[in-house]
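Okay, here's what each chain looks like letter by letter:
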Amino acid sequence: MLKKLSISNYALIDNLEISFDSGLNILTGETGAGKSIILGALSLILGQRAESRYFFNQQKKCVIEGLFKIGQFHLKAFFEENDLDYEAETVLRREISADGKSRAFINDTPVNLTALKLLGERLIDIHSQHATLEINDPEFQLLVVDSVAKHDDLLNDYRAKFRSYKKSTARLTQLIEESDKAKADLDYYQFQFDELEKASLDVDEQEKLEHELYTLNNAEEIKRNLLGACFLMQEGETSALIQLHEAAHHLSSLERFNPAIEALHERLKSTIIELKDVADEIENLEQRTHTDEAKAIEINDRLSLIYNLQKKHRVNTNAELLQLQSDLSDKIQQAIFGDEAIEKLQQQIAADKKELEQLAGQLSANRAKIIPTIETQVLQSLAEMGMSSAGLKIEQEVRKSGSLEVGKQDHLTDLRTYGLPDSFLTKNGIDQVTFLFSANKGHALAEMSKVASGGELSRLMLSIKSLVAKNTALPTIIFDEIDTGVSGEVANKVGQIMEQLAGNLQVITITHLPQIASKGQSHYFVYKDDEGATTYTRIKQLNPQERVLEIAKMLSGDKPGESALQNAKDLLG
């Protein structure tokens, strides 16, 4: 249940804090006072999108925080799945900066909006006067049946297997398309593969060949310069090594005069040894360097082959050619052995489909069994709210195998005889339910929006929502002026239904009707407060005397007389 709601810097709200009780909580106030603003703020911590233009002060961030008591609602698994700290009293917080950037938190752990929304859906159901439009939505109608049937585990198991089944059928279609294309292009792929395989490419081959060819093409210049270097270092009469030997001889004769000269002499001898080694390597390199026209032609031919293959396949390296060769090999294998993978996957799909049909059959049987109960209980609730002549029929259409959807080359020729997945299986099973309604005797049952007035739709939706709430572990339900279009004794009956509903869960109701307001365990008054040039939305919990006065005003206006005050006391019991 929602224990406390704090709102900062939202619409007409500067700072506001509300503590709610566990039963029926009533919110009243003049039109435009800000009751729906409070719901708008609450929706932000339930994962709805936000806009900074609704800020009270555009220079500050908006912060909405809700404290929820969740200890008895079996939500530990959700927290574990989302790697969140579980607390019996959990805090949902939303912070929105002036530039529109949003941050969400669950127990001070940052989360994305999806996680916030998923948890919010398990904590609160907000029903506004406009939500009666969803009553004709087939998804909502099936949700009602499933909620009362109480087969969540079975339905979740079916949906998980159905998602896997759909992925498998999509993969089967992909495999068949790839196999057909591979077979059609097999000769072309084989030719390209053979050409690359025959080339016997190596990843680093091109760079090595280019370097070797460059050396061969410049062999004469290389040899000439190496000979010149060798002559200067050790062969000429004035070569470097001869002159260094003479210098070493001079230093040797001076060693006895100065220890430093001895050290220099040793260093020079080491240099002579190093230079002699360099000269020998230059000489060896020169002797190994020679022109080889035949080798150059061979390398040119090899490089021409590599360049032509790269140009043909629009790549720049041997690595890319080798990757292409590997890809071609995969396509050839797909063409030759692809049917084996298709057959294996089709066998899996057939087994999955059989299991899905069994689960869908169980779901369908559960729904068929509970539908009469739903019809009876909704009609009983409507009778309590002054609609004893109403009629309700829930039709269950069970889709049959064989209603196949064909297309895309006859869906690849019925998945090439490997089995076309039947379209009668949906994410919810094999059923489609339709709620047919009549508000009066003697009138044909039809879609609810076509045969019911606004007030009748409100009562019908309240009956359905009450039934769903009783059969689910939803902690809180909020009604935003769902009583539109009702009055008098009917309004009193609607209030009684809400009061009964509040025995099982927390109910928060925004209303303009005194009959409903009087049923509340706690009563909150929303009002505008003008301070200087600024208007604020405020809220306060009414004490018993204030409740009498507020309900009396709802009965007769701003200045209630003794009669209205007495009527208010009577309503409050």
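Everything discussed here concerns the structure shown above.
Residues numbered from 1 in each chain as written. Predicted model: local features only at pLDDT ≥ 70, side-chain atom pairs only at ≥ 80, totals over all residues. Heavy atoms only, no water.

Chemist: Mind showing me how you'd approach the packing of helix α7 (residues 205-217) against helix α11 (residues 293-312) here?
Modeler: A pair of packed helices is captured by two measures, namely the crossing angle of their axes and the spacing between those axes. Contact pair α7 / α11: the axes reach a minimum separation of 10 Å and the direction vectors enclose 145°. Classified by chirality, the crossing of α11 by α7 is left-handed. Two secondary-structure elements touch here, α7 through Glu205, Gln206, Leu209, Glu210, Glu212, Leu213, Leu216 and Asn217 and α11 through Lys295, Ala296, Ile299, Asn300, Arg302, Leu303, Ile306, Tyr307 and Gln310. Tallied by class, residues from the contact of α7 with α11 come to 8 nonpolar, 4 polar and 5 charged. (Axes fitted to C-alpha atoms, helices over the stretch in contact; angles between N-to-C directions. Helix = DSSP H or I, 4+ residues; strand = E, 2+ residues; numbered from the N terminus. Left-handed = near helix turned anticlockwise from the far one by under 90°. Contact = heavy atoms within 4.5 Å. Nonpolar A, V, L, I, M, F, W, Y, C, P; charged D, E, K, R; others polar.)

Chemist: Please clarify how the sheet that holds strand β1 (residues 2-10) should be interpreted in this entry.
Modeler: Sheet strands associate in pairs through backbone hydrogen bonding, adopting either a parallel or an antiparallel arrangement. Strand order in the open sheet formed by 6 strands is β2-β1-β4-β5-β6-β7, with antiparallel pairing between adjacent strands. Each edge of the open sheet carries a strand with a single partner, namely β2 (13-19) and β7 (109-111). The average angle at which neighbouring strand axes cross in this sheet is 15°, direction not considered. Bridge count for β1 against β2 is 6 bridges, and the pairing is antiparallel. Bridge assignment links Tyr10 to a residue of β2, and that residue is Ile13. In the packing of helix α1 (residues 35-44) onto the sheet, the strands contacted are β1, β2, β4 (62-69) and β5 (89-96), and the crossing angle to β1 comes to about 100°. (Pairing = 2+ DSSP bridges.)

Chemist: How should the pairing of β5 be read in this particular structure?
Modeler: For a regular strand, side-chain orientation follows a simple rule: the groups alternate between the two sheet faces. The buried fraction of β5 is high, at 6 of 8 residues. In this sheet, β5 lies alongside β4 in antiparallel orientation, the contact comprising 8 bridges. Each residue of the ladder has a partner; that of Cys62, found in β5, is Ile96. Bridging between β5 and strand β6 (residues 102-106) involves 5 bridges; their strand directions are antiparallel. Pairing of Arg93 across the sheet is with Phe105, part of β6. The loop that links β5 with its antiparallel partner β6 comprises 5 residues; one of these, Gly100, has a positive phi angle of about 95°. (Buried < 20%, exposed > 50% of the residue type's maximum accessible area, 1.4 Å probe, protein only.)

Honestly, it's all geometry; don't read function into it.
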